[in-house]
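A closer look at the structure
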Amino acid sequence: MADDRELLSRVAAHDEAAFRRLYERYADRVFRYALTLLRNRHLAEEVVQETMVAVWQGAGSFKGGSRVSTWIFGIARNQAHALLRREERGAREAEEPLVLPDPAEGVHRRDRVLAALEGLPPEQREVVVLAFYEGLSYREIGRLLGVPEGTVKSRMHFAKRRLREALA
Amino acid sequence: MNCREARELLPWYAAGSLSAGESTAVAAHLAACQACRAELAREVELVREVQGAVGRLPGAPAGTWEKVLARTRGIPLGKLELGSFLVGLSLGLSLRGGRVPLEGELRLLGRKLPLFKTEGGA
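Reading the values: rules and limits
- Residues numbered from 1 in each chain as written.
- Chains lettered and ligands numbered in written order.
- Predicted model: local features only at pLDDT ≥ 70, side-chain atom pairs only at ≥ 80, totals over all residues.
- Helix = DSSP H or I, 4+ residues; strand = E, 2+ residues; numbered from the N terminus.
- Expected span 1.5 Å × (residues − 1).
- Buried ≥ 20, exposed ≤ 12 C-beta atoms within 10 Å, placed from the backbone.
- Arc of directions from axis to C-beta.
- Contact = placed C-beta atoms within 7 Å.
- Domains from an automatic or database assignment.
- Core = buried A, V, L, I, M, F, W, Y, C linked by C-beta atoms within 7 Å.
- Axes fitted to C-alpha atoms, helices over the stretch in contact; angles between N-to-C directions.
- Parallel < 35°, antiparallel > 145°, perpendicular 65-115°, else oblique.
- Left-handed = near helix turned anticlockwise from the far one by under 90°.

1. Considering helix α8 (residues 149–167) of chain A
- Its 19 residues give α8 of chain A an end-to-end C-alpha distance of 27 Å, which sits within 8% of 27 Å, the value for a rise of 1.5 Å per residue.
- Taken together, the buried positions of α8 of chain A are occupied by Val 152, Arg 155, Met 156, Ala 159, Lys 160 and Leu 163 of chain A. Angularly, the buried residues of α8 of chain A cover 140° about the axis, an arc narrow enough to put them on a single face. For α8 of chain A, the exposed residues set more than 90 degrees away from the buried face come down to Gly 150, Arg 161, Arg 164 and Glu 165 of chain A.
- The inward-facing, buried residues of α8 of chain A abut α5 (109–118), α6 (122–133) and α7 (138–145) of chain A together with α1 (3–15) and α3 (34–55) of chain B.

Printed below as a string of structure tokens:
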């Protein structure tokens, strides 16, 4: 199976099959990341679109100084923040809960975990999702967020404390 | 490495994203510290729960790929196929970002080779 770097170099040569494979590898992950940031499915889909169009157009500019995943999530983060700024200027789309209530299912543990994540301040939620779901190191998260590594560790410390309180 | 330093790194140790050197140092500390081993068990459980919960959020909606494709490749307007499956020529017109580029491809033994692409005007 082609690795991300190989796929990206083929995307830089406008290979559509490689682009499709990269999309399949990242679309859901970028959507979920954007959903945890924006809490709005329409905006999260917009982030996926903008991110993948930017990947198609900018694949040739990837210098290889980071993992492809960190590069793509950096683009997604920029797009999400651009959308947030746009929403703040105009009529803001309503935030939706990450957990959609399903009376037939009752309250499952995963819903409690999502609700606990939702209760975190956005900057802490983002660190938890990137570290635990995306497997990014604290250095990669620091670079992606543009904050010192100590800040990343501190956000994680306070996030864990809140999550444990909420899930106790 | 003391307990404070180890615990600062435990979330990333549990998630498997520490460097080899850091990972070895944390493992050495864990081998000698029962309290931090108990803390690691809690970290691993939290990582597992967050992965399970976020992983079950919905993925990108159906149709997103087509929207991306329309903005990169363009919306197909028409295609002319000449020749056979083994050797042939395809000419395609599409709408992309307000332009209508024309693309030509050569088909050779099942492979597609790009021949030319016009900008399609402003």
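2. Things to note about helix α4 (residues 68–89) of chain A
Residues and elements named next belong to chain A.
- Between its first and last C-alpha atoms α4 spans 32 Å; for 22 residues at 1.5 Å apiece the expected length is 32 Å, and the two agree.
- If you check which residues of α4 are buried, you get Val 68, Trp 71, Ile 72, Phe 73, Ala 76, Arg 77, Gln 79, Ala 80 and Leu 83.
- Next to the buried residues of α4 lie α1 (4–12), α2 (16–38), α3 (41–58) and α7.

3. Overview of the domain arrangement of chain B
- According to the domain assignment, chain B contains domain 1 (3–55) and domain 2 (66–117).
- For domain 1 of chain B versus domain 2 of chain B, the distance between C-alpha centres works out to 51 Å.

4. Quick notes on the nonpolar core
- Within the largest apolar cluster, 68 residues are counted, with the highest numbers of intra-cluster contacts made by Val 30, Ala 34, Val 47, Val 48, Val 128 and Ala 131 of chain A together with Val 50 of chain B.
- Top element by residues in this core is α2 of chain A. It accounts for 12 residues.

5. Remarks on the packing of α2 of chain A against α4 of chain A
All names here are of chain A.
- Close contact between α2 and α4 brings their axes to 10 Å; oriented N to C, the two are set at 40°. As judged from the angle between their axes, α2 and α4 are oblique. Handedness of the crossing formed by α2 with α4: right-handed. On α4, the residues touching Tyr 26, Val 30, Tyr 33, Ala 34, Leu 37 and Leu 38 of α2 are Ile 72, Phe 73, Ala 76, Ala 80, Leu 83 and Leu 84.

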